[in-house]
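Understanding the architecture of this molecule
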Amino acid sequence: MSLLSKLRCITVDVTGTLIAYKGELGDYYCMAAKSVGLPCPDYKRVHQGFKLAYTEMAKQYPCFGHSTKMPNIVWWKTCVRNSFIKAGYDYDEETFEKIFRRIYASFGSSAPYNVFPDSQPFLRWAREQNLLVGLVSNAEYRYQDVILPALGLNQGSEWDFGVFSGLEGVEKPNPRIYEIALEKAGNIAPEETLHIGDSMRKDYLPAKSVGMHALLLDRFKTPDAEDWRKSGALVLPDLVTVQELLSSGQLLC
């Protein structure tokens, strides 16, 4: 029996699957510093500082501060300030405020992102097959309300419902986020749902653990992909291939 004939819903990861970051983190921190007349901070130091600061914030205030009701802008302001400090840049309050506002506005727009060319066609195709399409992402509310619409990925034409960690208070790899997706789809059975993502730990394993079908995309030819295949996961290069295999009936349940 072909998988497509059994499906009622497809859920899709966002970053790395539908969209990707454009350029480097340092590009946006550099532009923000230049906007107030300062030299560019060192890319490598800023990148490392951000990784450390983001990890700490995600651990202390998970899901972008959802459980503590921390405003999204406060979460990011703390994270960005700590990123600069860890990179060796301790700006005065007035200067930092101007830099932060530029960074926050940039990442709340379409500017730092590229949409993969097969994303919109695939999502529309899936909905044309009378499948519900859900997005499941460890992302803040601006993905749903601002960023995705600005990128041409709109609720109602490309996707039906979203499960975003900053809004739900649960994040991958917690399997609960996939259970929420099934509930939002109208309590569809997990075996009638296919999840597509780019992470074995965050997408494939937790989706499979709740009974969903799952496959992985390897858009960037990651060395981990071979291990994914050896563990039994279906790994495909893009959404064009996913659509072709589903349409032809070559993906079986």
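Preceding this paragraph is the structure being described.
Reading guide: rules and limits
- Residues numbered from 1 in each chain as written.
- Predicted model: local features only at pLDDT ≥ 70, side-chain atom pairs only at ≥ 80, totals over all residues.
- Heavy atoms only, no water.
- Helix = DSSP H or I, 4+ residues; strand = E, 2+ residues; numbered from the N terminus.
- Rg over C-alpha atoms; globule rule 2.2 N^0.38 Å.
- Buried < 20%, exposed > 50% of the residue type's maximum accessible area, 1.4 Å probe, protein only.
- Contact = heavy atoms within 4.5 Å.
- Areas by Shrake-Rupley, 256 points an atom, 1.4 Å probe, with all protein chains shown as cover.
- Lys, Arg positive; Asp, Glu negative; His and termini not counted.
- Charge placed at Lys NZ, Arg CZ, Asp CG, Glu CD.
- Disulfide = S-S within 2.5 Å.
- Core = buried A, V, L, I, M, F, W, Y, C linked by side-chain atoms within 4.5 Å.
- Phe/Tyr/Trp six-rings, centres within 6.5 Å; stacked < 30°, edge-to-face > 60°.
- Lys NZ or Arg CZ within 6 Å of the ring centre and 35° of its normal.
- Pairing = 2+ DSSP bridges.

Here we look at the overall build of the protein
Broken down by element type, the protein carries 13 helices and 8 strands. Here the C-alpha atoms of the protein give a radius of gyration of 19 Å, agreeing with the 18 Å that 2.2 N^0.38 yields for 253 residues. When burial is assessed residue by residue, the protein has 48% of its 253 residues classed as buried. When contacts within the protein are restricted to residue pairs at least 6 apart in sequence, those whose partners lie at least 24 apart make up 67%. Roughly 11800 Å² of accessible area belongs to the protein as shown, and the carbon and sulfur atoms make up 51% of that amount. Between the averaged position of the 28 positive side-chain charges in the protein and that of its 30 negative side-chain charges there is a distance of 3 Å.

Digging into the state of the cysteines
This model, assessed by the stated rule, comprises 1 disulfide. With a sulfur-sulfur separation of 1.5 Å, Cys-30 is cross-linked through a disulfide to Cys-40. Remark: Cys-40 occurs in the loop between helix H2 (25-35) and helix H3 (43-60) and Cys-30 occurs in helix H2; sequence separation between them is 10 residues. Between Cys-63, a cysteine without a disulfide, and Cys-79, which holds the nearest cysteine sulfur, the sulfur-to-sulfur distance is 14 Å.

Brief notes about the nonpolar core
Core analysis: the biggest nonpolar cluster contains 58 residues, and Ile-10, Phe-84, Ile-196, Val-242 and Leu-246 have the highest contact counts within it. Residues in contact with Ile-10, not counting those within four places in the same chain, are Phe-122, Ala-126, Leu-131, Leu-132, Val-133, Gly-134, Leu-194, Ile-196 and Leu-246. Core analysis: the second largest hydrophobic core is formed by 23 residues, Ile-177, Met-200, Leu-216 and Val-235 among them.

Observations regarding the environment of Lys-77
Assignment of secondary structure puts Lys-77 in helix H5 (residues 72-86). As a C-alpha pair, Lys-77 and Tyr-104 span 27 residues in sequence and 8.1 Å in three-dimensional space. Sequence-distant contacts of Lys-77, defined by excluding residues within four places in its chain, comprise Glu-93, Phe-96, Glu-97 and Phe-100.

Digging into the packing of aromatic side chains
Following the criterion strictly, the structure yields 18 aromatic pairs and no others. Ring plane angle 75° and centroid distance 5.2 Å describe the contact between Phe-84 and Tyr-91, whose orientation is recorded as edge-to-face. Tyr-91 carries the same exposure label as Phe-84, and that label is buried. An angle of 85° between the planes, with centres 6.5 Å apart, marks the rings of Phe-84 and Phe-96 as edge-to-face. Of the two residues, Phe-84 sits in helix H5 while Phe-96 sits in helix H6 (residues 93-107), which places them 12 residues apart along the sequence. We note that Phe-84, like Phe-96, is buried. Following the ring pairs from residue to residue traces out a cluster consisting of Tyr-29, Phe-84, Tyr-89, Tyr-91, Phe-96, Phe-100 and Tyr-104. One cation-aromatic arrangement involves Arg-219 over Phe-116; the distance from NZ or CZ to the ring centre is 3.9 Å.

So, the pairing of strand E1 (residues 9-12)
Of the two faces of E1, both are covered, the one formed by Cys-9 and Thr-11 as well as the one formed by Ile-10 and Val-12. Two strands pair when backbone bridges link them, and E1 and strand E4 (residues 132-137) are joined in this way by 4 bridges, in the parallel orientation. Across the sheet, Ile-10 pairs through a bridge with Val-133, a residue of E4. The sheet contact formed by E1 and strand E6 (residues 193-197) spans 4 bridges and is parallel. Looking across to E6, one finds that Ile-10 is bridged to Leu-194.

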